[in-house]
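Single-letter residue listing:
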Amino acid sequence: MIHKGSGLSTPADFRGKRIATPQLGNTQDVSCRAWLASGGLTVTTQGGDALVVPTENPYQLALFRKGDFAGVWTVEPWVSRLEIEAEGEILVEEKDSLTTIWSPP
């Protein structure tokens, strides 16, 4: 998720920016770091070209709304909440990435 009208569209655009993920080492965190690295950015747990900040989902919404994060890499229902409540827009959608399987009893 990015702010509408931010002009961010490629990994390189996130140089010097802060991006939230739900938890260090989870699927979204790894995907975010891999996407940034695919654009030539160096990202480490301490910083690098872009700073990926593990942040609990409820805090992501408030901090994104305040402008503390240029982007948030997260899952539903937070994607929808960021779109609706913080005027975010989807930049990267990983439709082929399976993160949860739910099967009713």
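Cut-offs used in this document
- Residues numbered from 1 in each chain as written.
- Predicted model: local features only at pLDDT ≥ 70, side-chain atom pairs only at ≥ 80, totals over all residues.
- Heavy atoms only, no water.
- 1 Å grid on protein atoms, 1.4 Å probe; cavity = no way out; pocket = protein on both sides within 12 Å on 5 of 7 lines; lining within 4 Å.
- Points joined across faces, edges and corners; volume = space filled by probe spheres on them.
- Helix = DSSP H or I, 4+ residues; strand = E, 2+ residues; numbered from the N terminus.
- Nonpolar A, V, L, I, M, F, W, Y, C, P; charged D, E, K, R; others polar.
- Core = buried A, V, L, I, M, F, W, Y, C linked by side-chain atoms within 4.5 Å.
- Buried < 20%, exposed > 50% of the residue type's maximum accessible area, 1.4 Å probe, protein only.
- Contact = heavy atoms within 4.5 Å.
- Axes fitted to C-alpha atoms, helices over the stretch in contact; angles between N-to-C directions.
- Parallel < 35°, antiparallel > 145°, perpendicular 65-115°, else oblique.
- Left-handed = near helix turned anticlockwise from the far one by under 90°.
- Pairing = 2+ DSSP bridges.

Chemist: Looking at this model, I keep getting lost on the layout of surface pockets. Mind explaining?
Modeler: A probe matching the size of a water molecule, rolled over the atoms, marks out where space remains unfilled. For the largest pocket, the calculated volume is near 550 Å³. Thr74, Val79, Val92, Glu93 and Glu94 are the residues nearest the centre of the largest pocket, which is lined by 23 residues in total. Sorting elements by how many residues they give to the lining of the largest pocket places helix H1 (residues 27–38) first, with 4 residues. Across the lining of the largest pocket, the residue classes break down as 12 nonpolar, 7 polar and 4 charged.

Chemist: Just to check I follow, could you spell out the nonpolar core for this structure?
Modeler: A general feature of soluble globular proteins is that nonpolar side chains tend to end up buried together. Phe14, Ile19, Cys32, Leu36, Leu41, Val43 and Ala50 are the most contacted members of the largest nonpolar core, which totals 13 residues. A per-element tally of this core places H1 first, with 3 residues. With residues up to four places along the chain from it excluded, the contact list for Ile19 reads Phe14, Cys32, Leu36, Ala50, Leu51, Val52, Val53, Phe69, Gly71, Val72 and Trp73. Judged by nonpolar contacts, the second largest core, of 11 residues, contains Leu61, Val79, Leu82 and Ala86.

Chemist: Mind showing me how you'd approach the packing of helix H2 (residues 57–66) against helix H3 (residues 78–86) here?
Modeler: A pair of packed helices is captured by two measures, namely the crossing angle of their axes and the spacing between those axes. Remark: H2 packs on H3, axes separated minimally by 10 Å, with the N-to-C direction vectors making an angle of 25 degrees. With respect to H3, the element H2 is oriented roughly parallel. As for how H2 packs across H3, the hand of that crossing is right-handed. Side by side, H2 and H3 meet where Asn57, Pro58, Gln60, Leu61, Phe64 and Arg65 of the first sit next to Trp78, Arg81, Leu82, Glu85 and Ala86 of the second. Class assignment for the residues of the contact of H2 with H3 results in 6 nonpolar, 2 polar and 3 charged.

Chemist: I keep staring at the pairing of strand E2 (residues 18–21) and nothing clicks. Help me out?
Modeler: Regular strands place their side chains on alternate faces of the sheet. Direction of pairing for E2 relative to strand E5 (residues 51–54): parallel, over a ladder of 4 bridges. Bridging from a neighbouring strand, Ile19 pairs with Val52 of E5. Of the strand pairs in this sheet, E2 and strand E6 (residues 71–72) are connected by 2 bridges, and their pairing is parallel. Residue pairing across strands places Ala20 opposite Val72, the latter belonging to E6.

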